[in-house]
Each structure stands twice: as structure tokens, then as C-alpha cells.
Amino acid sequence: AQIMQADFIKSSVRTQDCPSDGLPEFALVGRSNVGKSSLLNSLVRRKRLALTSKKPGKTQCINHFRINDSWYLVDLPGYGYAAAPQELRIDWEKFTKDYFLNRPTLVSVFLLIDASIPAKKMDLEYASWLGENQIPMTLIFTKCDKRKKRKNGGKRPEEHVNDFQDLIRSFFQTAPPWIMTSSVTNQGRDEILLHMAQLRNY
Ligand code: GDP
């Protein structure tokens, strides 16, 4: 299930501009600063790949990376970036939601949640929206190496993970699969790749 090859293919603004070769794909999404670029880099073991999508103008796009010439990792814009003007935020929402609803090759959305802090309202809103629209989702908890600090609610990552799962349980008929990760220790990397391989074979 390892990644041997990763190629940046394209940045798309609209769903209909995304690659049309029918390969299965997984979308990574989460609040800005959740650790999405770090995770992407940890997955592909290539330090600067995700930076391609961090270039100005690319962050608001749907970025397709083709993996092993057989499936895609899709980097979506981070939500909840405080400095983004309201108008821009609404636009992100529109195009990412359009992508979720109209992309038949999307196998699962990987929603990244920072396990080092209490859940944010926006994370819950995002998860509930996906649940209500029956979009398959995998919860990826990030920064699980971070130890508790009083300002982070004084809880361990495992406790934040449990709290979040309690909160979202009502939105889903079956609880979404979840994986605890760290880009510092590479915890969860093989588990994510294995999970993706299993989902592709369904
Ligand atoms: P993005 O905005 O979601 O792409 O987030 P980044 O990948 O740029 O990471 C945001 C910040 O969190 C950076 O300072 C990272 O060094 C830090 N970070 C990311 N992943 C981890 C992790 O697994 N553990 C720890 N301790 N810090 C992390």
C-alpha cells in the first residue's frame, strides 16, 4: 500500500475541471493549521510535494496528486482561516460542497481534526454536513503526539478524540472509521494507506 510515485496533476476551481480519467480519489480537508500539509508530506515521504498546493492562488483550488499512476490524493482548501474575507469563505464552501456532491470517483473524504485541542464548532459543522449528505468520511485525528496542556483543555489527544466522536455520533447511521496520526512520529501513516487500499478495492 506504500506510495512509490506521486505527481502533481492539476489545480481546478470547479468540479467539472477535475481530472476525468475515472481513477478513484480521496479528499483531504480540515481547518487551516490542522496539519494537512504535514500529513500529506508524511504520506508521500516527499518533503515538498504539498507545498505545490500552498503557492499563492493554489490554496483555494482542488489540487489533484496522482499516486502510483492509479489513484488520486486530493488536497482541498482549509476552512476557517480567520483572516479570509467572508466572501471568499462562502465561495470555498460553495465549490468544495459542489465537489463533494458531484464527484462520483470520490471514495471517501478524509476529515482532519486536531486532536491536541478541543473540537471546533466548524469541525462539527463540517462533519455533520458530510453525514447529512451521506458522503463517506474517514476521521483523521492529527497531532496525536502532542501532550496535554492546560490551555488545550487539559486533556490528552485520546480524550479529545472520544469527545469528538461522542459529538458526531448523532449525525451518522454508522460511526465513521477513524485513525490517530502524527506527522512528527509518522503514527498512523501505514494505517491510512492500508485503509485507502481497502476502500479502493470495494
Ligand atoms: P495546514 O495549514 O493544515 O497545512 O497545517 P501544517 O501542516 O502547515 O501544520 C500547521 C502547524 O502544526 C505547523 O506548525 C506544524 O509544524 C504543526 N504540526 C503539523 N502536524 C503536526 C503533528 O503531527 N504534530 C505536531 N506536534 N505538530 C504538527
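Residues numbered from 1 in each chain as written. Predicted model: local features only at pLDDT ≥ 70, side-chain atom pairs only at ≥ 80, totals over all residues.

Per an unreviewed UniProt entry, the protein chain goes by the name GTP-binding protein At2g22870 and belongs to Juglans regia. Among the UniProt annotations of the protein chain, the heading Sequence similarities (unreviewed entry) holds the following wording: "Belongs to the TRAFAC class TrmE-Era-EngA-EngB-Septin-like GTPase superfamily. EngB GTPase family." We quote the UniProt Cofactor (unreviewed entry) comment for the protein chain here in full: "Mg(2+)". (UniProt positions renumbered as here; feature names shortened; annotations may be inferred.)

Trainee: Quick question: what am I supposed to make of the overall build of the protein chain here?
Mentor: The number of helices and strands found in the protein chain is five helices and seven strands. Starting at the N terminus, the α and β elements of the protein chain follow one another as β-β-α-β-β-α-β-α-β-α-β-α. Every one of the 202 residues in the protein chain was classed for burial, and the buried ones make up 34%. Considering only intrachain contacts with a sequence separation of at least 6, the fraction spanning at least 24 residues in the protein chain is 76%. (Helix = DSSP H or I, 4+ residues; strand = E, 2+ residues; numbered from the N terminus. Buried ≥ 20, exposed ≤ 12 C-beta atoms within 10 Å, placed from the backbone. Contact = placed C-beta atoms within 7 Å.)

Trainee: Explain the nonpolar core to me, please; I cannot follow it from the model alone.
Mentor: Where a protein is soluble and globular, its nonpolar side chains tend to be buried together. In this structure, Ala-27, Leu-28, Leu-111 and Leu-112 are the most contacted members of the largest nonpolar core, which totals 39 residues. Aside from chain neighbours lying at most four places away, what touches Leu-111 is Val-29, Gly-30, Tyr-126, Ala-127, Leu-130, Met-137, Leu-139 and Ile-140. (Core = buried A, V, L, I, M, F, W, Y, C linked by C-beta atoms within 7 Å.)

Trainee: What is the right way to look at the environment of Thr-142 in this model?
Mentor: With respect to the helices and strands, the residue Thr-142 is situated in strand β6 (residues 137-142). Dropping the residues within four chain positions of it, Thr-142 is found in contact with Val-34, Gly-35, Leu-39, Leu-112, Ile-113, Asp-114, Ala-115 and Thr-181.

Trainee: Would you take a moment to explain the site of the ligand for this structure?
Mentor: Neighbouring the ligand are 16 residues, the closest being Gly-35, Lys-36, Ser-37, Ser-38 and Ser-183. For the shell around the ligand, the element with the highest residue contribution is helix α1 (residues 36-44), accounting for three residues. Within the shell around the ligand, the residues separate by chemical class into two nonpolar, 10 polar and four charged. (Near = placed C-beta within 6 Å. Nonpolar A, V, L, I, M, F, W, Y, C, P; charged D, E, K, R; others polar.)

Trainee: Sorry, what's going on with α1 here?
Mentor: Three- or four-residue spacings in an α-helix give side chains the same orientation, since the helix completes a turn every 3.6 residues. Within the sequence span of α1, burial applies to Lys-36, Leu-39, Leu-40, Ser-42, Leu-43 and Val-44. Taken together, the buried residues of α1 touch β1 (6-12), β2 (25-30), β4 (71-75), β5 (106-114), β6 and α5 (189-200). Remark: Arg-45 follows α1 within two positions and exhibits a positive phi of approximately 55°.

Trainee: What is the right way to read the sheet that holds strand β7 (residues 178-180) from this model?
Mentor: Strand pairing within a sheet occurs via backbone hydrogen bonds; the two strands may be parallel or antiparallel. Spatial strand order, β1-β3-β4-β2-β5-β6-β7: seven strands in an open sheet with mixed pairing. Every other strand in the sheet has two partners, leaving β1 and β7 as the edge strands with one partner each. On average, each strand axis in the sheet is inclined to that of its neighbour by 25°, with strand direction left out of account. Across six bridges, the pairing between β1 and strand β3 (residues 62-67) is antiparallel. Paired with Ser-11 across the strands is Asn-63, a residue of β3. (Pairing = 2+ DSSP bridges. Axes fitted to C-alpha atoms, helices over the stretch in contact; angles between N-to-C directions.)

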